[in-house]
Structures are given as C-alpha cells and as structure tokens.
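# Examining the three-dimensional arrangement
Here is how the chains run, residue by residue.
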Amino acid sequence: MRILTVCLGNICRSPAAESVLLHKLAEAGLGHVRVTSAGTADYHVGERPHELSVAEGERRGYAFSTRGIQFEDTHFDDADLVLAMDAINEADLLELVRSPEDRAKIVRFGVFASDAGDGVRDVPDPWGRPAEAYTAMYDQIEDAADGLVRALQEGTLDEVLARHGAGR
Ligand code: 4NP
C-alpha cells in the first residue's frame, strides 16, 4: 500500500498528514505502508515544511524530513491512495487523471474522520494563519489518520471509499 497526501503548497497540511500517518502506521504495526506527500502548486518546491507546521508536529512527537514537490500525473503510478486535504485539491487532482484507475485513487482525507457522515469536512488551509490554526489542523489530521489506520487494520478501506463515492 502506497499513500500520497496532497495539499496546495506541500509545506503545511500534506507534510503534516504524511508525518502523522507514518507515525501511527508504525505504531499499529503497519510500517510497510509507504507515505509521501506533494502539492498541486509549485510555489514551495524544494522548501522544508512550514515552521509552524514543524513546531506543532514536533511538539506532538512527529518527525519531518521532506522538501516540497509538485504533484505530477505520473505520481498516480506510485500511489494506491491519493488523499486530498480539501475539495480544491481534489478538483485539481481530478483535472490531472489519465484513466479511471487514476481517478479511483483520489479521495478526500476527511472521509476517514470520526465526524464523516453525509458530508466530509475539508482540512482547511492554515497558510498565513496563527499557530492556533496549526493546532486545529493537527487535531483534525490525527483524527482522520486514526480512521485510515483503523480501516487498513480492519480491511474496510474499500467499504469506506465506496460509502463516500470515491473511486468513480
Ligand atoms: P498547504 O498550505 O497547502 O497546506 O501547504 C499552503 C502553503 C502555501 C500557500 C498556500 C497554502 N501559498 O499560497 O503559498
């Protein structure tokens, strides 16, 4: 299983989701699952994650080692699941699909959140916002990461994806 987390800049949300998922997957004995991240934009290619994202993440025990990259359509070949942080990221990814197989890999991260029901919450863009926005971002990311790890442990991933109309 290969997971790719995607936001706009690849410096705030998607590196945070990557680090949280790696940590929680390892804790759950799912350390073989690969996780990487990318941004739909090229604004921060080569940059380290945002200092507020790193500060709050490290406070919670997560590690950061990535540099920003921009998502390209060939990245679909290297992922089984492409997790969009918000609806705009999802729409931007859908513009880049080359096949129904690519399309089937895209889902919003919020489908794994504990409050996912008929609607799914976006992970809001914290760029330019104060530290509190990053605290809320991690609370939301940790909750969705727990849901995704549970789905992998319980073998219910396809069920969750189908419930939210992903893969169509
Ligand atoms: P991210 O946040 O998509 O969570 O990495 C952003 C970072 C930078 C910009 C926008 C969002 N920007 O416009 O530069």
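What counts, and at which threshold
- Residues numbered from 1 in each chain as written.
- Predicted model: local features only at pLDDT ≥ 70, side-chain atom pairs only at ≥ 80, totals over all residues.
- Heavy atoms only, no water.
- 1 Å grid on protein atoms, 1.4 Å probe; cavity = no way out; pocket = protein on both sides within 12 Å on 5 of 7 lines; lining within 4 Å.
- Points joined across faces, edges and corners; volume = space filled by probe spheres on them.
- Helix = DSSP H or I, 4+ residues; strand = E, 2+ residues; numbered from the N terminus.
- Expected span 1.5 Å × (residues − 1).
- Buried < 20%, exposed > 50% of the residue type's maximum accessible area, 1.4 Å probe, protein only.
- Contact = heavy atoms within 4.5 Å.
- Near = heavy atom within 4 Å.
- Polar contact = N/O pair within 3.5 Å; in protein donor to acceptor, adjacent residues only side chain to side chain.
- Nonpolar A, V, L, I, M, F, W, Y, C, P; charged D, E, K, R; others polar.

### As for empty space enclosed by the protein
Counted according to the given criterion, the structure contains 1 cavity of 30 Å³ or more. Roughly 50 Å³ of volume is contained in the largest cavity. Lining the largest cavity are Gly110, Ala113, Asp115, Arg121, Val123, Gln140 and Ala144.

### Description of helix α1 (residues 13-27)
Helix length check: α1 (15 residues) gives 21 Å between terminal C-alpha atoms against 21 Å at 1.5 Å per residue, within 8%. The buried fraction of α1 amounts to 11 of the 15 residues, a majority that puts the element mostly inside the structure. Looking only at α1, the buried set comprises Arg13, Ser14, Pro15, Ala16, Ala17, Glu18, Ser19, Val20, Leu21, Lys24 and Leu25. For α1, the secondary structure elements touched by its buried residues are β1 (2-7), β2 (34-39), α2 (51-59), β3 (81-84), α3 (87-95) and α5 (131-154).

### Observations regarding the site of the ligand
In the neighbourhood of the ligand, the contacting residues comprise Cys7, Leu8, Gly9, Asn10, Ile11, Cys12, Arg13, Tyr43, His44, Asp125, Pro126 and Trp127. In this structure, an oxygen atom belonging to the ligand sits 2.9 Å away from a main-chain N or O atom of Leu8. A distance of 2.9 Å separates an oxygen atom of the ligand from a polar backbone atom of Cys12. Grouping the amino acids of the shell around the ligand by side-chain chemistry returns 7 nonpolar, 3 polar and 2 charged.

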